[in-house]
Each structure stands twice: as structure tokens, then as C-alpha cells.
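Descriptive structure summary
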Amino acid sequence: MPIKQPRSISNNQSKPFKKSAEAVVPAYQKAQGRAELVKLNPHYIIGFIDGEGCFCVSASKHKTLRRRKEIRPQFEIELRIDDQEILERIQATLGCGNIYTLNYKRYDWAPHVKFKVTRIRDLTEVIIPFIDTFPLQAKKAQVYALWRTVVLMVRNKEHLTPEGYIKILQLRDAMRRFSKKHYRNR
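Notes on the structure in this doc start here.

**Overview of the overall build of the protein**
- When its secondary structure is counted, the protein shows 6 helices and 6 strands.
- Counting from the amino terminus, helix and strand elements in the protein follow one another as β-β-α-β-β-α-β-β-α-α-α-α.
- Considering only residue pairs separated by 6 or more positions, the protein has 57% of its internal contacts joining residues 24 or more positions apart.

**Description of the packing of aromatic side chains**
- Under the defined criterion, the tally for this structure stands at 7 aromatic pairs.
- Ring geometry for Phe-55 and Trp-147: centres 4.9 Å apart, planes at 50°, overall tilted. In this pair, Phe-55 is assigned in strand β3 (residues 53-61) and Trp-147 in helix α4 (residues 140-155), connecting sequence segments 92 residues apart.
- For Phe-55, a relative accessible area of 6% puts it in the buried group.
- Plain terms: the ring middles of Tyr-144 and Trp-147 are 6.0 Å apart, the flat faces sit at 35° to each other, and that makes the pair tilted. Here Trp-147 and Tyr-144 lie together in helix α4, a separation of 3 residues that amounts to about one turn. By the burial criterion, Tyr-144 is buried, and Trp-147 matches it.

**What to know about the environment of Thr-118**
- Mapping Thr-118 onto the fold places it in the loop between β6 (112-117) and α3 (120-133).
- Here Thr-118 falls in the partly exposed class, since its relative accessible area comes to 25%.
- Through-space distance from the C-alpha of Thr-118 to that of Glu-76 is 8.7 Å; in sequence the pair is 42 residues apart.
- Apart from the residues within four sequence positions on either side, Thr-118 is in contact with Arg-72, Pro-73, Gln-74 and Leu-123.

**Some words on the pattern of salt bridges**
- The full count for this structure, using the stated rule, is 7 salt bridges.
- Here Arg-121 ties to Glu-125 by a salt bridge, and the two come within 3.3 Å at their closest N and O atoms. Taken as a pair, Arg-121 and Glu-125 lie in helix α3 at a separation of 4 residues, close to a single helical turn.
- Between Asp-132 and Arg-148 there is a salt bridge, with its nearest N and O atoms 2.9 Å apart. Residue Asp-132 is found in helix α3, and its partner Arg-148 is found in helix α4; the two are separated by 16 residues along the sequence.

**Topic: the sheet that holds strand β5 (residues 98-102)**
- Spatial ordering of the open sheet is given by β3-β4-β6-β5, a layout of 4 strands whose pairing is antiparallel. Strand pairing shows two members of the sheet lacking a second neighbour, β3 and β5, which therefore form its edges. Neighbour-to-neighbour, the strand axes of this sheet turn through a mean angle of 35°, independent of strand direction.
- Pairing between β3 and strand β4 (residues 69-80): 9 bridges, direction antiparallel. Each bridged residue has a counterpart across the sheet, and for Val-57 the counterpart in β4 is Pro-73.
- Sheet strands in contact with helix α1 (residues 42-52) are β3 and β4, and its direction is about 105° off that of β4.
- Contacting β3, β4 and β6, α3 runs over the sheet at an angle of about 55° to β4.

Scoring rules and cut-offs
Residues numbered from 1 in each chain as written. Predicted model: local features only at pLDDT ≥ 70, side-chain atom pairs only at ≥ 80, totals over all residues. Heavy atoms only, no water. Helix = DSSP H or I, 4+ residues; strand = E, 2+ residues; numbered from the N terminus. Contact = heavy atoms within 4.5 Å. Phe/Tyr/Trp six-rings, centres within 6.5 Å; stacked < 30°, edge-to-face > 60°. Buried < 20%, exposed > 50% of the residue type's maximum accessible area, 1.4 Å probe, protein only. Salt bridge = Lys/Arg side-chain N within 4 Å of Asp/Glu carboxyl O. Pairing = 2+ DSSP bridges. Axes fitted to C-alpha atoms, helices over the stretch in contact; angles between N-to-C directions.

Listed below in C-alpha cells is the structure:
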């Protein structure tokens, strides 16, 4: 049985995600003469997120905000730099986010790359619909449900109210209970 080759589309086109095997993905031509990157099957990406994805909520200092704290939900995947192409293919498939190079010289680690999505619009219009369409299968689905609530609260500006801010911090603490550091304390 012959293998179907992905169809080619230009960078300016975007297709909504379909919940079918047909959603297997068109080709993508990377700028600056790099080899063609083939977009990934959405089911592969979900499996990758189950294993390597991270749903984060940070509360960092901010000089101009009244509360002096900024709430930032974000989605990220971090890998060693020799796996950078897979992050580029994930970025091409999702059509959002940035890729950063990280050096961990003080730990004597190999360099890493991080795919990171922080824009609320990208989180609500790309990442959440993608994961809702292709649900996570591991325990990370529970973390995602809490993170999703935080993202939607931030989109609705609930993080600016004292009650919303406190609720987000409680949700973040609930998310942390699923981390490796807290796993043995359950």
C-alpha cells in the first residue's frame, strides 16, 4: 500500500485542526533556505506534550502594576539542542510560539532549546483548542485542566481582582502537587 505524501501549503495559509487521520499535515518551507520541515501529526504532538510539555503559571514582580505582581500563564517544551528540529516542526504545525536557545554552563549540561507560548491570544485560540480537540492521555491532563482555567481567567481579566488573583494562586498550587518534586509527598 503506497504511503501518502503530505500536501504542500504556503506559510500564509492556516488550516483548522480536524479530529481525523486526514489532519496529517501539510509540508512547510522554512525561511532562509533550510530544508523543508514537514508538519507533524496532531496525535504525535499530543503524545509529545504528555511526555515533555509544561503548563506553567508564574507570578513575578512587576513595577507598574498596582499589586506589583504579574500573572503569566505559559506553555513550553524544552529539549536538548540536538532535538531542535522537532520543536521547529511543532511550532510550524501549531503556527505560534517562539524557540529560544538556553545554555546551562553552570550545571555543565548540554545546551537546550525551548518552545514557548506566552501570548494569551495564542494560548486561547491555538493551544487550548488543539488540546481540547486531541485530549491528553496521561496525568498531565489534570494539570492542563487547572492551567486552562487560569488562562481563561486571565483572558477575562479576572486576575486583576483580589478574588481572581487568590484563586489563580490556589490553582497554581494545585498544579504544583503534580510536579516531580511534590510527587513523593502525596
